[in-house]
Amino acid sequence: MIKKIYKNNKRNNQNTPVIYSCYNLNLIIKLIIEFFKNEKSLKNILGTKRFDFHCKKKYPDISIAEIEDFEYLAFHFILVAKRYYRKILKLKTNDIFGIPDEAQNCINIRYLISLVEINLKSIPKSNFIFHCCSSGNKIVDELFKRYYLRKYLIKIKINKISVIIKPSKDLDFDWKSLSIDKSSFTKPFLKTKKFNTFNNSNKGFIHHKNLKKSQAYFKLTKDLSNSNEFVSLDYLSMYIYGNQNKLNLISNVLIFSINIFRNNIFKIIQHNLLSEILEIISCKIYYFCCINTINSLKLKYIVCSYISFKHENILFQACRDTNVVSIFYDFSMGFPVNKNYPGNSQIDLIRNPNYLITFGSQRCEQYKAVKRLKSENVEIKNALCPQIEFAREQSKNKKNSTNKLDLKKYKSSRLKISIFDSLYGFNYHIKEEDVISCLYSLKISKLEKIVLVHNKRDGFLNQHIQNSNLIYISQEKANFSNSYYSDFIISLGFQGAAIKAAFSFNKPIIFFSENKKFFNDSYFFFNKKKNDKILSTIKKLTFNGEKLIKSISIQSSYNEFNSKISRNSKELFSELSLYNIDSASSVINKIINNK
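Criteria and thresholds
- Residues numbered from 1 in each chain as written.
- Predicted model: local features only at pLDDT ≥ 70, side-chain atom pairs only at ≥ 80, totals over all residues.
- Heavy atoms only, no water.
- 1 Å grid on protein atoms, 1.4 Å probe; cavity = no way out; pocket = protein on both sides within 12 Å on 5 of 7 lines; lining within 4 Å.
- Points joined across faces, edges and corners; volume = space filled by probe spheres on them.
- Helix = DSSP H or I, 4+ residues; strand = E, 2+ residues; numbered from the N terminus.
- Nonpolar A, V, L, I, M, F, W, Y, C, P; charged D, E, K, R; others polar.
- Pairing = 2+ DSSP bridges.
- Buried < 20%, exposed > 50% of the residue type's maximum accessible area, 1.4 Å probe, protein only.
- Right-handed = clockwise from strand over helix to strand, strands pointing away.
- Axes fitted to C-alpha atoms, helices over the stretch in contact; angles between N-to-C directions.
- Parallel < 35°, antiparallel > 145°, perpendicular 65-115°, else oblique.
- Left-handed = near helix turned anticlockwise from the far one by under 90°.
- Contact = heavy atoms within 4.5 Å.
- Salt bridge = Lys/Arg side-chain N within 4 Å of Asp/Glu carboxyl O.
- Patch = residues over 30% accessible without salt bridge, like charges linked within 9 Å, V, L, I, M, F, W, Y side chains within 5 Å.
- Areas by Shrake-Rupley, 256 points an atom, 1.4 Å probe, with all protein chains shown as cover.
- Bend = angle between axes of the 7 residues up to and from the residue.
- Phe/Tyr/Trp six-rings, centres within 6.5 Å; stacked < 30°, edge-to-face > 60°.
- Lys NZ or Arg CZ within 6 Å of the ring centre and 35° of its normal.

Asks: Now, about the layout of surface pockets: what can you tell me, with residues and values included?
Replies: Its volume calculated, the second largest pocket comes out at about 1500 Å³. Considering the residues around the second largest pocket, the lining is formed by 46 residues, among which Lys82, Phe97, Ile350, Asn352 and Glu376 are closest to the centre. Counting residues per element, the ones that place at least two in the lining of the second largest pocket are helix H3 (64–88), helix H4 (102–122), helix H10 (274–297) and helix H11 (312–321). It is H11 that contributes the most residues to the lining of the second largest pocket, seven residues altogether. Taken together, the residues of the lining of the second largest pocket break down into 17 nonpolar, 13 polar and 16 charged.

See the structure below:
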């Protein structure tokens with residue numbers, strides 16, 4: 001059997017490169033043959049095993065706009081799959097439909113897309129065979145296969161019996177098997193939460209918890225609660241507030257379930273759609289619970305300040321159907337995108353409350369570009385981020401340091417530099433090379449300095465700065481209050497938190513990357529003139545190791561550098577429309593108090 005597989009592989013794929021992103025029987029046999037042939041095991045390259053794949057650059061530079069394309073394409077496949085299921089199933093127009101574990105399915109297919117694209121960019125215009133696991137949905141898999149076959153003549157082979165190859169830290173890896181959300185089938189029927197009769201508010205707030213690690217995010221809740229009385233909620237509490245009348249809820253769910261099975265039984269059997277039907281029922285249960293919660297609490301307004309990809313749009317639909325005003329605050333500033341996909345698809349842009357509030361005109365324009373139904377009219381507003389207000393308040397107290405030794409460092413005459421990292425991996429924005437180069441540039445500078453480290457996740461920045469001789473102070477996540485002491489800010493790649501920190505205290509900012517293509521073809525705005533202007537400003541603020549070393553080598557060079565980036569940073573803040581805007585709490589107060 002082994003000889004037969006070996007001969008077939010040799011005959012069929014003699015000149016065609018073969019790339020495996022999963023372990024299957026065929027790969028295991030090839031690896032055994034390779035081991036005895038060369039007396040060594042084949043190394044993993046970016047989460048893959050490659051055969052007959054010869055390229056000059058195994059780790060190609062990919063722009064941030066192309067990286068964002070991975071997510072756009074992934075969610076496009078999800079949207080097409082949803083349209084396909086709607087077409088073959090007899091559903092009412094108001095029936096909410098999501099494919100099982102939709103957000104994780106999007107992450108899985110995005111990872112596979114990124115592997116194919118990385119290999120494509122290693123050898124442009126090349127053909128290869130790509131073996132992978134299923135993303136978890138057969139329609140999404142089929143769209144994935146067809147797209148790359150038609151566009152690049154690349155054959156994608158989905159292996160049912162296989163295990164994904166886990167990459168090293170050079171790729172971001174969030175792969176998981178899909179699962180049906182069981183909360184809709186358990187929570188509404190097990191628990192009931194009694195109403196607080198002392199709270200007569202008609203305003204609900206789904207907010208971050210007041211935890212030490214998220215006080216900056218809790219700032220919005222705190223400010224709004226000063227002038228309003230809210231019913232404190234979270235997305236899952238809809239289940240236990242919305243099941244006050246269990247018999248009625250069970251009756252509605254059973255009637256809906258019987259009807260959907262009766263109308264689609266042959267399609268369910270023919271296309272094996274049981275998990276999709278269960279997801280439809282799951283969404284409907286949550287919708288019933290939202291309606292019941294709204295009616296029982298007599299809510300007129302619901303404010304949301306954090307994300308739940310499955311629940312939020314169901315809640316927003318329930319709000320529209322009961323004439324309740326829904327408001328969502330988005331803490332993200334977004335990323336520059338490719339001009340080919342304005343508003344087409346991105347999972348964190350497809351949300352439909354009555355009001356969408358965010359920070360910066362870039363994110364506002366991305367939301368405005370989303371194609372919506374007329375019934376999904378969304379008003380988008382630009383408002384000052386609560387994290388900025390929190391940072392400014394904290395800096396006035398001058399008590400942000402946890403100990404006197406750190407406070408002494410902050411107030412010393414040394415140069416203070418804040419560094420913000422981003423998502424790591426060749427399939428995301430920054431690489432280990434960027435971190436090493438940036439820290440090396442700081443290390444060899446003759447200027448005395450202290451580094452303020454802001455980690456998005458535990459990764460290369462934390463690891464390498466610990467092994468350097470640099471004096472550094474780690475900062476709380478989401479809290480950039482101590483950037484008040486910084487002389488300038490470094491954003492590794494493009495990081496919204498770094499821009500917020502710089503704007504908070506009018507500090508100069510630079511974007512650091514060893515990727516020469518990092519901002520190529522980026523669209524911050526879809527108006528060409530406006531976009532060209534901000535790209536010109538961004539270019540002046542983009543540095544690699546060589547450029548940064550020259551800029552901070554001695555005091556005179558640094559003074560000139562700081563003067564230039566201060567001027568360009570102010571231009572950037574202006575082009576992003578960050579000046580002269582109301583606070584998020586002020587904007588929301590005007591909406592919920594009809595001012």
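Asks: I'd like a rundown of the sheet that holds strand E15 (residues 472–474), residues and numbers included.
Replies: Judged by pairing direction, the sheet is parallel, and its six strands sit side by side in the order E15-E14-E13-E16-E17-E18 without closing on themselves. Two strands in the sheet have a free side with no partner beyond their single neighbour: E15 and strand E18 (542–543). Pairing between strand E13 (residues 415–420) and strand E16 (residues 488–492): four bridges, direction parallel. Of the residues in E16, the one forming a bridge with Phe420 is Ser491.

Asks: Outline the pairing of strand E7 (residues 203–206), supporting the account with residue identities and numerical values.
Replies: In E7, alternate side chains face the same way, and those of Lys203 and Phe205 on one face and Gly204 and Ile206 on the other are all buried. In terms of strand pairing, E7 meets strand E9 (residues 301–304) through four bridges, oriented parallel. Residue pairing in the sheet places Phe205 in a bridge with Val303 of E9. In this structure, E7 lies alongside strand E8 (residues 231–233), joined through three bridges in parallel fashion. The partner of Ile206 across the bridge, within E8, is Leu233.

Asks: Explain the pairing of strand E12 (residues 379–382) to me, using residue names and the numbers behind them.
Replies: Pairing geometry for strand E11 (residues 355–358) and E12, over four bridges, is parallel. If you follow Leu356 over to E12, its bridge partner there is Ile380. Crossover connection from E11 via helix H12 (residues 361–368) to parallel E12: handedness right-handed.

Asks: Could you give an account of the packing of H10 against H11, with specific residues and numbers?
Replies: Working note: a packed helix pair is described by the angle between its axes plus the distance between those axes. It is at 9 Å that the axes of H10 and H11 come closest, and there the two elements cross at 45°. Comparing the axis directions of H10 and H11 gives the class oblique. Here H10 and H11 pass one another in a crossing that is right-handed. Contacts from Cys283, Tyr286, Tyr287, Cys290, Ile291 and Ile294 of H10 reach H11 at Ile314, Leu315, Gln317, Ala318, Cys319 and Asp321. In terms of residue class, the contact of H10 with H11 is made up of 10 nonpolar, one polar and one charged.

Asks: How would you summarise the side chain of Ser326 if you had to cite specific residues and measurements?
Replies: Relative to the elements of secondary structure, Ser326 occurs in strand E10 (residues 325–329). Apart from the residues within four sequence positions on either side, Ser326 is in contact with Ile302, Phe316, Cys319, Pro353, Asn354 and Tyr355.

Asks: Provide a residue-level description of empty space enclosed by the protein, including the pertinent values.
Replies: Applying the stated criterion across every chain yields a total of one cavity of 30 Å³ or more. Here the largest cavity defines a volume of roughly 70 Å³. Lining the largest cavity, in full, are Pro60, Ile62, Ile64, Ile67, Phe426, Tyr428, His429, Lys431, Asp434, Ser513, Asn515 and Phe518. Of the residues belonging to the lining of the largest cavity, the class tally is seven nonpolar, three polar and two charged.

Asks: Got a sec to walk through the environment of Gln215? Specific residues and values, please.
Replies: With respect to the helices and strands, the residue Gln215 is situated in helix H7 (residues 215–227). Given the relative accessible area of 36%, Gln215 is considered partly exposed. When the C-alpha atoms of Gln215 and Gln387 are compared, they prove to be 8.9 Å apart, with 172 residues separating the residues in sequence. Once residues lying within four places of it in the same chain are set aside, the contact partners of Gln215 are Asn210 and Phe390.

Asks: Can you break down helix H21 (residues 584–592) residue by residue, with the values?
Replies: The buried fraction of H21 is high, at seven of nine residues. The set of residues buried in H21 consists of Ala584, Ser585, Val587, Ile588, Asn589, Ile591 and Ile592. Just downstream of H21, Asn594 is the residue with a positive phi angle, here 55°.

Asks: Outline the pattern of salt bridges, listing residues and values.
Replies: On inspection of all chains with the given rule, the structure shows 20 salt bridges. The residue Asp223 makes a salt bridge to Lys219 at a minimum N-O spacing of 3.0 Å. With a gap of four residues between them, Asp223 and Lys219 both fall in helix H7, about one helical turn apart. Using a relative accessible area of 17% as the deciding quantity, one classes Asp223 as buried. Where Glu379 meets Lys381, a salt bridge forms, and the shortest distance between an N and an O atom there is 3.1 Å. If you follow the salt bridges from partner to partner, you end up with Glu66, Glu117 and Lys121 in one network.

Asks: Describe in detail a nonpolar patch on the surface, supporting the description with residues and values.
Replies: Judged by side-chain polarity, Tyr23, Ile28, Ile32, Phe35, Phe36 and Val163 come together as a nonpolar surface patch covering roughly 600 Å² of accessible area. Broken down by element, the nonpolar patch gets its largest block of residues, four residues, from helix H2 (residues 25–38). Mapped onto the fold, Ile28 is located in helix H2.

Asks: Describe in detail helix H9 (residues 246–271), supporting the description with residues and values.
Replies: Every α-helix winds through 3.6 residues per turn, so residues three or four apart in the chain are directed the same way. The largest bend along H9 measures about 70° and falls at Asn264. Buried residues belonging to H9 abut H3, helix H5 (138–152), helix H6 (183–190) and H10. Following H9 by one or two positions, Asn272 has its phi on the positive side, about 55°.

Asks: Tell me about the packing of aromatic side chains, residues and numbers included.
Replies: Applying the stated criterion across every chain yields a total of 36 aromatic pairs. Pairing Tyr287 with Phe288 gives two aromatic rings, centres 6.4 Å apart and planes at 55°, and the pair type is tilted. The exposure classification of Tyr287 matches that of Phe288, with both residues buried. A connected cluster of aromatic rings, assembled from ring pairs, spans Phe335, Phe494, Phe511, Phe518, Phe519 and Phe524. Seen from the ring of Phe51, Lys30 lies directly overhead, with NZ or CZ sitting 4.6 Å from the centre. The side chain of Lys530 reaches across the aromatic face of Phe525, ending 4.4 Å from its centre.

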